[in-house]
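Examination of the molecular architecture
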Amino acid sequence: MLPIVDHPKAARDFVTDESRSQWHDDALWFVRTKRDRQAGSVPEWEYLRERASAIKTETIANLADYLEQFEANATARGVVVHWAADAKEHNEIVLDILRRHDTQRIIKSKSMLTEECGLNHFLEENDIDVVDTDLGERIVQLRGETPSHIVLPAIHIKKEEVGDTFHTHLGTDAGASDPQYLTEAARGHLRGKFLAGEVGITGVNFGVAETGGVVVCTNEGNADLGVSLPRVHIACMGIEKLIPRLDDLAVFTRLLARSATGQPITSYTSHFHGPRDENSELHIILVDNGRTTLRQSDTFRASMHCIRCGACMNTCPVYRRSGGHSYRATVPGPIGSVLSPSKDARSHKSLPYACSLCGSCSDVCPVKIPLHHQLLAWRSELVGKGLLPWSKRVSMKAASTLFRHPTLFALAGRMGRTSLRVLPRFATHNRLNTWTKARELPTPPKQSFRDWYAANRDRPDDKRRGDQ
Amino acid sequence: MIAPENKLGRGEPAATTRSRQSIMDRLRSREIPSPDLGPIDESRLTVFDDPLSAFLESLKFVGGEAHLVDHPGRVGEILNSIEAFGNAERICSQFPEGVQGNVDAGAVADPHDLSTLDWMIAGGEFLVAENGSIWIEGATLPHRVLLFIAQYLAIVVSREQIVSNMHQAYARIGQPKSPFGIFVSGPSKTADIEQSLVLGAHGCRKLQVFLLP
Amino acid sequence: MSVALFVPCYVDQFYPDVAIASLELLEKLGIDVVYPGGQTCCGQPMANTGCNDDTAPVARRFVDIFADYDAVVCPSGSCTAMVRHHYGSYFDDDDVAFRHVREKTYELCEYLHDVVGIGDGIADQAGASIDVQFPHRVSVHQSCHGLRELGLGSQSETMSESPDKVLSLLKLVGGIQIMPLQRVDECCGFGGTFAVNEADVSAAMGRDRVGDHLQSGSEVIVSADMSCLMHLQGITRRQKSPVHVMHVAQVLAGRNVPVTSN
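Keep in mind that what you see is a predicted model, and the values were worked out from it rather than measured. (Residues numbered from 1 in each chain as written. Chains lettered and ligands numbered in written order. Predicted model: local features only at pLDDT ≥ 70, side-chain atom pairs only at ≥ 80, totals over all residues. Heavy atoms only, no water.)

Here we take up the overall build of chain C. What chain C contains, in helices and strands, is 13 helices and eight strands. Computed over C-alpha atoms, the radius of gyration of chain C comes to 18 Å, within 12% of the 18 Å expected from 2.2 N^0.38 for 262 residues, which places it in the range of a compact globule. The dimensions of chain C, computed from C-alpha atoms along their principal axes, are 50 × 50 × 40 Å. Counting only contacts in chain C whose residues sit at least 6 apart along the sequence, the fraction spanning at least 24 positions is 75%. Accessible surface computed for chain C: about 8500 Å², of which carbon and sulfur atoms make up 48%. (Helix = DSSP H or I, 4+ residues; strand = E, 2+ residues; numbered from the N terminus. Rg over C-alpha atoms; globule rule 2.2 N^0.38 Å. Contact = heavy atoms within 4.5 Å. Areas by Shrake-Rupley, 256 points an atom, 1.4 Å probe, with all protein chains shown as cover.)

This part is about the pattern of salt bridges. Applying the stated criterion across every chain yields a total of 54 salt bridges over all chains. Residue Glu186(C) pairs with Arg320(A) through a salt bridge whose shortest N-O separation is 2.8 Å. Placement of Glu186(C) in the loop between β6 (177-178) and α10 (194-197) and of Arg320(A) in helix α15 (residues 317-322) is noted, with the two residues assigned to different chains. Neither Glu186(C) nor Arg320(A) differs from the other in exposure class; each is buried. A single network of salt bridges, built from pairs that share partners, joins Asp25(A), Asp26(A), Arg320(A), Arg321(A), Arg183(C), Glu186(C), Asp208(C), Arg209(C) and Asp212(C). (Salt bridge = Lys/Arg side-chain N within 4 Å of Asp/Glu carboxyl O. Buried < 20%, exposed > 50% of the residue type's maximum accessible area, 1.4 Å probe, protein only.)

Now for the packing of aromatic side chains. In this structure the tally under the stated criterion is 24 aromatic pairs over all chains. For the pair Phe403(A) and Phe409(A), a centre-to-centre distance of 5.6 Å together with 50° between the ring planes defines the contact as tilted. Residue class for Phe409(A) comes out buried when judged on its relative accessible area of 6%. Both rings, one in Phe6(C) and one in Phe66(C), keep their centres 5.8 Å apart while their planes meet at 55°; by these two values the pair is tilted. Linking Phe6(C) in the loop between β1 (3-5) and α1 (9-14) with Phe66(C) in helix α4 (residues 52-66), this pair joins segments that are 60 residues apart in sequence. One exposure class covers both Phe6(C) and Phe66(C), and it is buried. Each residue in the set Phe6(C), Phe62(C), Phe66(C), Tyr87(C), Tyr90(C), Phe91(C) and Phe98(C) is aromatic and connected to the rest through ring pairs, giving one cluster. One Lys or Arg, Lys158(A), reaches over the ring of Trp23(A) and ends 4.9 Å from the middle of that ring. (Phe/Tyr/Trp six-rings, centres within 6.5 Å; stacked < 30°, edge-to-face > 60°. Lys NZ or Arg CZ within 6 Å of the ring centre and 35° of its normal.)

Below, the discussion takes up the interface of chain A and chain C. The interface is formed by 82 residues belonging to chain A together with 75 residues belonging to chain C. Between chain A and chain C, a total of about 6800 Å² is buried, with carbon and sulfur atoms accounting for 56% of that surface. Counting across the interface, chain A meets chain C through 13 salt bridges. Where Asp363(A) meets Arg148(C), a salt bridge forms, and the shortest distance between an N and an O atom there is 3.4 Å. Here the side of chain A that touches chain C gets 10 residues from one element, more than from any other, and that element is helix α2 (residues 18-40) of chain A. When the residues that make up the side of chain A that touches chain C are grouped by side-chain class, the tally is 32 nonpolar, 21 polar and 29 charged. (Buried area = accessible area lost by both parts, 1.4 Å probe. Nonpolar A, V, L, I, M, F, W, Y, C, P; charged D, E, K, R; others polar.)

Moving on: helix α11 (residues 199-215) of chain C. For α11(C), built from 17 residues, the straight-helix expectation of 24 Å at 1.5 Å per residue is met to within 8% by its first-to-last C-alpha distance of 24 Å. For α11(C), the tally of buried residues reaches 12 of 17 residues, placing the bulk of the element in the interior. Taken together, the buried positions of α11(C) are occupied by Ala199(C), Asp200(C), Val201(C), Ser202(C), Ala203(C), Ala204(C), Met205(C), Gly206(C), Arg209(C), Val210(C), Asp212(C) and His213(C). On its buried face, α11(C) is in contact with α1 (7-16) and α15 of chain A together with β5 (137-141), α10, β7 (220-223) and α12 (226-239) of chain C. (Expected span 1.5 Å × (residues − 1).)

Okay, the domain arrangement of chain C next. Residues and elements named next belong to chain C. The assigned domain composition of chain C is domain 1 (3-112) and domain 2 (124-252). Once you take the C-alpha centre of each, domain 1 and domain 2 turn out to be 21 Å apart. Every contact between the two is made by 26 residues of domain 1 and, on the other side, 24 residues of domain 2. Interface area, domain 1 with domain 2, both sides summed: about 2000 Å², of which 66% is carbon and sulfur. When residues of domain 1 are sorted by the area they lose upon contact with domain 2, Tyr10, Tyr15 and Cys109 head the list and together hold 24% of the total. (Domains from an automatic or database assignment.)

This part takes up the interface of chain A and chain B. With 102 residues of chain A at the contact, the number on the chain B side is 77 residues. For the pair chain A and chain B, the summed buried area comes to about 7700 Å², and 56% of that belongs to carbon and sulfur atoms. The interface formed by chain A and chain B includes eight salt bridges. Across the pair Asp288(A) and Arg26(B) runs a salt bridge whose closest N-O atoms are separated by 2.7 Å. Linking chain A with chain B are 41 residue pairs in polar contact (both at pLDDT 80 or more), by the criterion used here. The element best represented in the side of chain A that touches chain B is helix α10 (residues 179-196) of chain A, accounting for 11 residues. Tallied by class, residues from the side of chain A that touches chain B come to 45 nonpolar, 26 polar and 31 charged. Sheet topology note: the strand β9 (residues 268-272) of chain A/strand β8 (residues 180-184) of chain B ladder contains five bridges and is antiparallel. (Polar contact = N/O pair within 3.5 Å; in protein donor to acceptor, adjacent residues only side chain to side chain. Pairing = 2+ DSSP bridges.)

If you trace the backbone, Lys397(A) turns up in helix α19 (residues 390-403). Of the residues examined, Lys397(A) reaches a relative accessible area of 42% and is grouped as partly exposed. A polar contact is formed between the side chain of Lys397(A) and the side chain of Asp54(C), at a distance of 3.0 Å.

Laid out in C-alpha cells, this is it:
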C-alpha cells in the first residue's frame, strides 16, 4: 500500500522557505506570461482550444477503433506494436526488447509515461545503464531526485546547485554556475552517451491513427540524437495520446509549445513512420495502466485529453509556491491531482484539497479539461469513499444543521462574536487556531446584519418562508 | 490465440496479445457517445498577407538567423564569412551548387562516424510562417542524424515554398513519404537551468536559414 | 419587480455593513429590495469539502426561501456561483423553482451592470446612477469565482474580451483612482476551508497579493467578494500594513475610508 500523501505537510518546508518559494513562483509565473503572449498572438486561440478538446473527446469515445487503425497502419510500415495493460508489463516489454538485443546501455529522452511506470529504476535493477538525455532529467537523475515538473524537470533547482552536481559528476569547475558553461559541459558529457547508446527510448507526444506514426517534440534535439544513432527505437505511448488524422496534428502542434513554454513550436517536431531502414527497428508500446478505467468515468474522462503540456502547473498558485515534489506523484499540480487519486484515492486524498478552486488551470488548459471542477468532484468522491477525516465530517454535519435553523444560526453567530470580543487574545490567536498563524481574526461587530435589518427595515410581510 | 508473426519473424508474445484483448474489451464495454466532429472551420484560421515577413519575424524570435539570397553562390559566400564555418574541418553539404562539403554522408555506412561533423547544410521543403519552422523530408538525408549531430546547421529553402500555418503545412505534407520528417524551428536550445535560455543544447548551436528565390 | 437580498453567512455575522451598503445602494436606485429573514447560507462550505449530502438540504432550503422573488441579488461572487453553477446535482432538471432561482440569482455588480444598466451596461435606466465621491487610490482584487465562474470581467488566461463589470461601476465614482497590479487576477488564497487546510500556502498567496496591492500605491483594496477581503485584511492587520479593504458595495454606497469594516 502506498503511503498517504499529506500535501500541506509535504509542502511546508518548501513554502515556508520564502526565498526559494518566491523564486520558484516567479520562475513559473514568467513561463505563464510567456504563454499568455504566445496565446495572445494567435487570434483563433480559443477556437483552437475548442477544436482540440472536441478532437480528444471524439478520439477517446472511439478509442478502440482508432487504436486498431493505428496498430494496422503502424504494423504495415514495419513497426512492432506492443500492448501493455499496466506499468509492470510495460517495463517487462522494454526489458525483453533490450535483452533480445543484448543491450547494456540505453539512452532516453523525456517521457512522463516511463516515469509513471518506474522504468529507469526497473532497468537499473536489471543491470541496464540508463541515461536520461533531457538536460533537466539528467540533472535530477544525477542528483537522485525525481522531476518536479513534467516539462521543466529541474525547475526547483538553482543554478548553483546544478553547478555542484556537475562538479561532482561531470568534473566542472567548483563553484561554477553559469548556465551556458554548465550546458556546454552537459553537451559534451551526453554526446559520449549518445554515441555509446545501444537502444534509444522516447516517449510520444502524439500518435496518429490514420498513418500509424508517432510524433516527438523536443527543444534540445536529444530525442532525435538518441534514436538516429542506435538501430533500435522504443517509443512508449499512453493510449490517450492518439489522435485521428495527420491534419489534427496542426491543432495540437499549434497549442502544445505555446502552452508549455511560451514558444510558437518546439525546435524539433519529429514524425516517425516506420523504422529507419531495413536494419533498424521501431517498437511502439501502447500502455493502459489505468487509462481505460479512467475512461469509464463520465466525470473524469475529460482528464484523458491531457497532452502533458504543464500549463496548469505554471499557472497554479499552489503549485508555484509549494513545488512539484510536495504532491509526491509522478504528475503533480492540477492535472496530477485529478489523475493520481484515480490510481490510488487513499494515498492521494489530500491532493484535490491542495487547491483554492481558483480555476486558472481550466482557463489555460489547451484541451479544455475542466480541472477545477474535476478537483471539486474528486472531493465528493473521496467523501463518498469515506476518506474524509472524521473531524471534518462532523464539523460539516454540524454546519449543515446550523444552516437549516436560522434561529440556531443567529444564536451561534452571536455567541461566536461575543466570545471573540470577550476572550483575551491568547485564547483566540494561538497555535490551535490555524487561521491566526498568519492572520488576524476579523473584528466582531456587536450587531449582525439580520439584527440590524430587524431593527431598521423589518416589514410585517417579510416574515415569509423559512423563518422559525 | 496465436498472433500473426511480425516483421521480425517472431510471433507476438502471448502476454501482450492477452493485454491487447483485455484493453480492447474494456474499451468496447462502454459505448460513449460523442458529437460529430466535422471539419475544421478554415475561416477561423489566421493566414498572413505577407507570410515571408511573418516567417522572418518568427525565425528571429526562435533564435534562427535568416539570409535572403538571390543565387546559390551567395550561400557559400555568406557561410565563408562566418568564423565557425571558416574554422570548420568537416562539412557535409547537400547543396553543392552553393557550397562544397568535404564529407560524403552517403558513403558513410555507420551514422556514428559522423560524430565529428562541424557543419551540415541541408535542404528544406517549405517554410511555416507562424512559427519560423522548416519541413525537412527524411528521405532527402542519407542519415537523419546529420541534422542533429553537426555542431552547426544551415538549411536552404526556396522562399516561394511557404505556408502561413500548421494546417496548411500538414495539408501540404499529405501522407508521409518517408519514415522520418521533421519541422526544425531554430537552433537546439534549453532553459532547464534556472530558466536561462541557452542555444545549442545537444543539437546545432546555431541555425542559418538561406532563402533562395 | 421584487428583489431579494441574499447575504452570505459570514457577511451577516461579521461584515454586516457590506450587506447594509448593498441594501442602501439598491434602495437608492429605486429597487424594491427585501431581506428574507429565514436565509442562512448557500451551502458552499459543505459543497467545497465534498459533503454533498450535507449540502443538499441547505440548497433546497435556499431555493425554497428565494423562489418567490423575481431576482436574488448577492454581494458575493462565490456564493452566487454556488447557486448558478453548483446546485444542479441537488435538484431535478425540471424543478421549476430551482430553475427560476438559478437563472435569477445575480452577483451585485453583475445585477447593477446587466440588469439595472449602470456603467457600460446594455440596458439604460433613466435616472439610475451612482453619484458618490471617493477621492482615493484604489486597487481591485478580482475574486476567482466572480471572474472565472460568473464572467465579471476578462480573465488574463483566456484570449476573449468581456466587459469588466466591477471596474465599470467603480469608474463612475468621483475622484477614484484605479491603481494597476502586477498580477491582475491571481487568487488571494482564501479558498474557503483551503485557508485552514493549506494554511501555509494560503498565507503565502495572501501575502503576495497584499504585496502587489501595496506596490501599486493603493490606499484601499476593493473587491466584490468579502471572503477574499477577510483573508487579505487578516494579513494586512497582522503585518500592520497601511492599506484598507472595502467591499465594492461600500464604495458605491458612499462610505468613507477608513471604514470599520464590520
